[in-house]
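An overview of the molecular structure
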Amino acid sequence: MASQLLPLELVDKCVGSRIWVVMKSEKEFSGTLVGFDDYVNMVLEDVTEYESTGEQVKLEKILLNGNNICMLIPGGDGPSNAS
């Protein structure tokens with residue numbers, strides 16, 4: 001019998017690690033996951049915000065609303081600038 005890993009268990013394993021968050025809007029964030037709740041609201045620190053224009057903004061800490069998150073990439077460090 002294969003073991004199952006539920007989505008919130010996977011996110012829980014990512015606490016303290018880098019995570020790449022793709023939002024429903026055109027923004028993406030990469031940072032260290034500090035914590036989250038049952039609604040997948042997330043607190044990240046040492047964050048880089050990636051705009052669709054290619055602009056990057058460094059932030060110390062940010063709270064993301066789980067309703068606006070489209071995708072989570074554990075271990076991800078943001079979109080690649082390689083063409």
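Residues numbered from 1 in each chain as written. Predicted model: local features only at pLDDT ≥ 70, side-chain atom pairs only at ≥ 80, totals over all residues. Heavy atoms only, no water.

Thoughts on the sheet that holds strand β5 (residues 69–74)
Strands sit in the order β4-β3-β2-β1-β5 across an open sheet of five strands; the sheet is antiparallel. Strand pairing shows two members of the sheet lacking a second neighbour, β4 (56–64) and β5, which therefore form its edges. Pairs of neighbouring strands in the sheet enclose a mean axial angle of 30°, with direction left out of account. Pairing geometry for strand β2 (residues 28–36) and strand β3 (residues 42–50), over seven bridges, is antiparallel. Note on β3: the bridge partner recorded for S30 is T48. (Pairing = 2+ DSSP bridges. Helix = DSSP H or I, 4+ residues; strand = E, 2+ residues; numbered from the N terminus. Axes fitted to C-alpha atoms, helices over the stretch in contact; angles between N-to-C directions.)

Quick look at unusual backbone geometry
Despite not being glycine, V40 shows a phi value in the positive range, around 60°. Within the fold, V40 resides in the loop between β2 and β3. Even without being a glycine, D46 presents a positive backbone phi close to 50°. Mapped onto the elements of the fold, D46 is located in strand β3.

Quick word on the side chain of E28
Positionally, E28 belongs in strand β2. Buried and unpaired, E28 has no salt bridge, with R18 as the nearest side chain of opposite charge at 12 Å. Engagement of the side chain of E28 in a polar contact is seen with the side chain of W20, the distance being 2.9 Å. Look past the residues within four positions of E28 in its chain and what remains in contact with it is W20, V21, V22, T48, E49, Y50 and P79. (Buried < 20%, exposed > 50% of the residue type's maximum accessible area, 1.4 Å probe, protein only. Lys, Arg positive; Asp, Glu negative; His and termini not counted. Salt bridge = Lys/Arg side-chain N within 4 Å of Asp/Glu carboxyl O. Polar contact = N/O pair within 3.5 Å; in protein donor to acceptor, adjacent residues only side chain to side chain. Contact = heavy atoms within 4.5 Å.)

Brief notes about the pattern of salt bridges
Evaluation of the coordinates by the stated rule reveals three salt bridges. One salt bridge in this structure joins E49 and K27, with 3.1 Å as the shortest N-O distance. Of this pair, E49 sits in strand β3 while K27 sits in the loop between β1 (18–23) and β2, and the two are 22 residues apart along the sequence. Of the residues examined, K27 reaches a relative accessible area of 32% and is grouped as partly exposed. Two residues, K27 and E51, come together in a salt bridge whose shortest N-O distance is 4.0 Å. Taken together, the residues K27 in the loop between β1 and β2 and E51 in the loop between β3 and β4 connect sequence positions 24 residues apart.

Considerations on the side chain of T32
Position of T32 among the secondary structure elements: in strand β2. Taking the relative accessible area as the measure of exposure, T32 reaches 15% and is therefore buried. In this structure the side chain of T32 is engaged in a polar contact, spanning 3.5 Å, whose partner is the side chain of R18. Among residues more than four places away in sequence, those in contact with T32 are G16, S17, R18, V43, L44, E45 and D46.

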